[in-house]
Amino acid sequence: MPSRRQLLQASALVSGLGALGLESSLAFAARAAAQGPVYAYVGTYSDGGKPWRGGRGQGVHQFVLDSATGALKPIPGAPAAVASTGEGAKLRNPASLARHPKLPMLYAANEFEAGSVSAFRIGADGALSFVSETPCGGKDPAYISVHPDGRFLFTANYASGDVSVLALRADGTPDPAVAAVVYKDAEACGAGTPCKPGADVVPQAARSHEGFATSDHDGPHAHMVHADPKGNFVLVADLGLDRVISYRFDRISGVLSQPSTVAVSESSGARHFVFHPNGKWLYLVNEEASTIAFMRYDDTTGVLTLVSETSALPKGFKGTSYASGIRMLPDGQHFVSLNRLHDSISIFKVDPRTGAPTLVREEWSRGNYPRSCTLDPSGRFLYVCHNKQGDNVTVFRVKGGDIQFTGQYVAVGSAAALEFSA
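A brief structural summary. (Residues numbered from 1 in each chain as written. Predicted model: local features only at pLDDT ≥ 70, side-chain atom pairs only at ≥ 80, totals over all residues. Heavy atoms only, no water.)

What follows concerns the packing of aromatic side chains. Across all of its chains, the model carries 13 aromatic pairs by this definition. The interplanar angle of 10° and the centroid separation of 4.8 Å between the aromatic rings of Phe335 and Phe348 together place this pair among those described as stacked. Residue Phe335 is located in strand S22 (residues 334-340), and its partner Phe348 is located in strand S23 (residues 344-350); the two are separated by 13 residues in the primary sequence. Judged by its relative accessible area of 0%, Phe348 is buried. A connected cluster of aromatic rings, assembled from ring pairs, spans Trp281, Tyr283, Phe294, Phe335 and Phe348. (Phe/Tyr/Trp six-rings, centres within 6.5 Å; stacked < 30°, edge-to-face > 60°. Helix = DSSP H or I, 4+ residues; strand = E, 2+ residues; numbered from the N terminus. Buried < 20%, exposed > 50% of the residue type's maximum accessible area, 1.4 Å probe, protein only.)

Take a look at the structure:
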């Protein structure tokens, strides 16, 4: 039960929320006070390497969340960012973050050729302390996630076109005695399911706008890896192969097996995906086509079926744009996706009967080259990371199936991804 002091804080919070028109629930405020502070961490490109990476970040930046306004503020007494390992070496592009589902641990995929995973412990004050760095066995890990059981983590290794599985010990640290197991995307397709790289020649049917973007169809390029809602399968989006690969997952050994694949339009560039709360519908961002692929998912077999592909850009748009992040909104009836160069947030409505998405409108992201978006634990605020010239995180208020800019900018160089402590 919350203390008297916490209830007083909750009452004050309710008054503030009422004035802002955000929340009028005493129960919500009391629960927020009882749970204590929520902390936010922003992964960045801290080592340029390639021109598109930027390299103006300082490592993993750390903040405390103001639950009333959505503002991110420096953690009192803590460094602005964790920039080095325990040995003093500089963190290199900790651009994708994932939190352990049960323990106060945060993981970063270090996106460089000799890819690795950095593990951090989250202190009582929210400050991160470096624990270890473990090779992931692949090159340029662009995405990291942790299985819901908390016993394994996964990386999608973009440059080497494969997926790694790393075992976690009981305390949440990667087990150095167990080498990362790497699964090659190109070997997952199997007989009878051709799995060859797409050509950089775009069929007319795949175009969603005038200046269709093409790149990196020279081979496999794993861009995202994540378990399904039940944790029985692990799905991989591969941009170079224009496919989503579904593996059966052994929760004891961590072995991935029995892959099945589904293809999207040639050269469309499968990037990131999100599940609907019902676990039966999946929405995939195609980076180069700037489309959303809607798929039905069988959670007993792991098989995906492509239903449709819908443009994420305004009708009649002419120009080049690269779609990036995607996030389901808390109402389960809407989701948002990001458009780089067009620099917008697309808002989609989901048909409750069929799951089909419809583009409702676009909102300016208030920055340059939006790479990813994240909801705070309450689902009341959306955060958009801009990792090129934008160098910031912008904050939007979620109102049902819509969003509204709060006027807040958080200065972070080459911001790539954001993760919360709870």
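The discussion continues.
Our focus in this paragraph is the nonpolar core. Membership of the largest hydrophobic core comes to 34 residues, with the highest contact counts inside it found for Leu235, Leu284 and Met295. Element by element, the count of residues in this core is highest for strand S14 (residues 233-238), at five residues. If near-sequence neighbours (up to four positions away) are discounted, Leu284 is found in contact with Ala237, Val244, Val264, Ala270, Arg271, His272, Phe273, Thr291, Ile292, Ala293 and Met295. (Core = buried A, V, L, I, M, F, W, Y, C linked by side-chain atoms within 4.5 Å. Contact = heavy atoms within 4.5 Å.)

Next up on the list: the pattern of salt bridges. In this structure the tally under the stated criterion is 15 salt bridges. Here Asp162 and Lys184 are joined by a salt bridge, their closest N and O atoms 3.1 Å apart. Of the two residues, Asp162 sits in strand S11 (residues 162-167) while Lys184 sits in strand S12 (residues 181-184), which places them 22 residues apart along the sequence. Between Glu363 and Arg361 there is a salt bridge whose closest N-O contact spans 2.8 Å. Its relative accessible area of 13% is what places Glu363 among the buried residues. Residues participating in the shared-partner salt-bridge network are Arg361, Glu363, Arg366 and Asp402. (Salt bridge = Lys/Arg side-chain N within 4 Å of Asp/Glu carboxyl O.)

Glancing now at the sheet that holds S11. Taken in spatial order, the four strands of this open sheet run S9-S10-S11-S12, and their pairing is antiparallel. Edge positions in the open sheet fall to strand S9 (141-146) and S12, since each of these has one partner strand only. Between one strand axis and the next, the sheet turns through 20° on average, direction left out of account. (Pairing = 2+ DSSP bridges. Axes fitted to C-alpha atoms, helices over the stretch in contact; angles between N-to-C directions.)

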